[in-house]
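Read off the chains here:
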Amino acid sequence: SQQGEEDPQALSIQEGENATMNCSYKTSINNLQWYRQNSGRGLVHLILIRSNEREKHSGRLRVTLDTSKKSSSLLITASRAADTASYFCATRPTLGAGSYQLTFGKGTKLSVIP
Amino acid sequence: DTAVSQTPKYLVTQMGNDKSIKCEQNLGHDTMYWYKQDSKKFLKIMFSYNNKELIINETVPNRFSPKSPDKAHLNLHINSLELGDSAVYFCASSQDVSSTDTQYFGPGTRLTVL
């Protein structure tokens, strides 16, 4: 069953602005990951945040995780045209057969206008 | 060097035909996956193999049969293709089934059933 839900579905910003995408999920997780998909390409892993972490940074990316609200956010600072892509959150459940797999949301389509 | 490769990149075929998609990874990973991405970009796990053994088999019609001849390859055979099978199919791999593993995706195979 679908676990993550990204919000908004689509986001359009000017180059240089910050972009924030949110992800909500339903069950207890071991970790949450964010992936990027450029048009016509496969997904590329961006960052992983564990359930006992609240915030993580990687370059221009900042991810937060609130397990009490079952939500995460991805912030891209100083956006560039090359950041134009779809962004997916993926969750790894804590227990059970589902813990072997990642469950992806529907993604946020980000357009950065030069 | 391509880490995860898939062939073919595009596949157009008639309803009722049988087709195969091949996947190879040169990362030395133990675990491989097949995902289906529909027209709304929703990405759903289909199968996963760890060391050539099936560990995830989601609710997928048995017209879909994965085959893993060795750890580096996971092929997907589809019998009696239907219109609803049209989608982009992604192969992915990870080091193993560890919960913190990130996944590396292939470029995708766009299947169009006419």
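That block above? That's the structure.
Student: I would appreciate a short explanation of the state of the cysteines in the present structure.
Tutor: Under the defined criterion, the tally for this structure stands at 2 disulfides over all chains. Here Cys23(A) engages in a disulfide with Cys89(A); their sulfurs sit 2.0 Å apart. The S-S bond linking Cys23(A) to Cys89(A) shows a torsion near 65°; that makes this disulfide right-handed. Of this pair, Cys23(A) sits in strand 3 (residues 19-24) while Cys89(A) sits in strand 9 (residues 85-93), and the two are 66 residues apart along the sequence. Here Cys23(A) falls in the buried class, since its relative accessible area comes to 1%. Look at Cys89(A) and you get buried, because its relative accessible area is 0%. Put simply, Cys23(B) and Cys91(B) are joined by a disulfide, and their sulfur atoms are 1.8 Å apart. With the S-S bond torsion at -75°, the cross-link from Cys23(B) to Cys91(B) turns out left-handed. You can see Cys23(B) sitting in strand 3 (residues 19-25) and its partner Cys91(B) sitting in strand 9 (residues 87-94), a full 68 residues away along the chain.

Student: I keep staring at the environment of Gln6(B) and nothing clicks. Help me out?
Tutor: All names here are of chain B. Structurally, glutamine 6 is set in strand 1 (residues 4-7). Ignoring any residue separated from it by four or fewer positions in sequence, one finds glutamine 6 in contact with Ile21, Lys22, Cys23, Trp34, Tyr89, Phe90, Cys91, Gly106, Pro107, Gly108 and Thr109. In terms of polar contacts, glutamine 6 uses its side chain to reach the backbone amide nitrogen of glycine 108, at 3.0 Å. One polar contact links glutamine 6 to threonine 109, side chain to side chain, over a distance of 3.2 Å.

Student: Explain the pattern of salt bridges here, please?
Tutor: A side chain of one charge can pair with a side chain of the opposite charge if their charged atoms are brought near each other. The full count for this structure, using the stated rule, is 6 salt bridges over all chains. For Arg62(A), the salt bridge is made with Glu55(A), and the minimal N-O distance between the two is 3.1 Å. Residue class for Glu55(A) comes out partly exposed when judged on its relative accessible area of 39%. The shortest N-O distance in the salt bridge between Asp30(B) and Lys71(B) comes to 2.7 Å. A residue pair is termed long-range when its members are at least 10 positions apart, and Asp30(B) in the loop between strand 3 and strand 4 (31-37) and Lys71(B) in the loop between strand 7 (64-70) and strand 8 (73-78) qualify at 41 residues. Residue Lys71(B) is classed as partly exposed on the basis of its relative accessible area, which comes to 36%.

Conventions we followed
- Residues numbered from 1 in each chain as written.
- Chains lettered and ligands numbered in written order.
- Predicted model: local features only at pLDDT ≥ 70, side-chain atom pairs only at ≥ 80, totals over all residues.
- Heavy atoms only, no water.
- Disulfide = S-S within 2.5 Å.
- Helix = DSSP H or I, 4+ residues; strand = E, 2+ residues; numbered from the N terminus.
- Buried < 20%, exposed > 50% of the residue type's maximum accessible area, 1.4 Å probe, protein only.
- Contact = heavy atoms within 4.5 Å.
- Polar contact = N/O pair within 3.5 Å; in protein donor to acceptor, adjacent residues only side chain to side chain.
- Salt bridge = Lys/Arg side-chain N within 4 Å of Asp/Glu carboxyl O.

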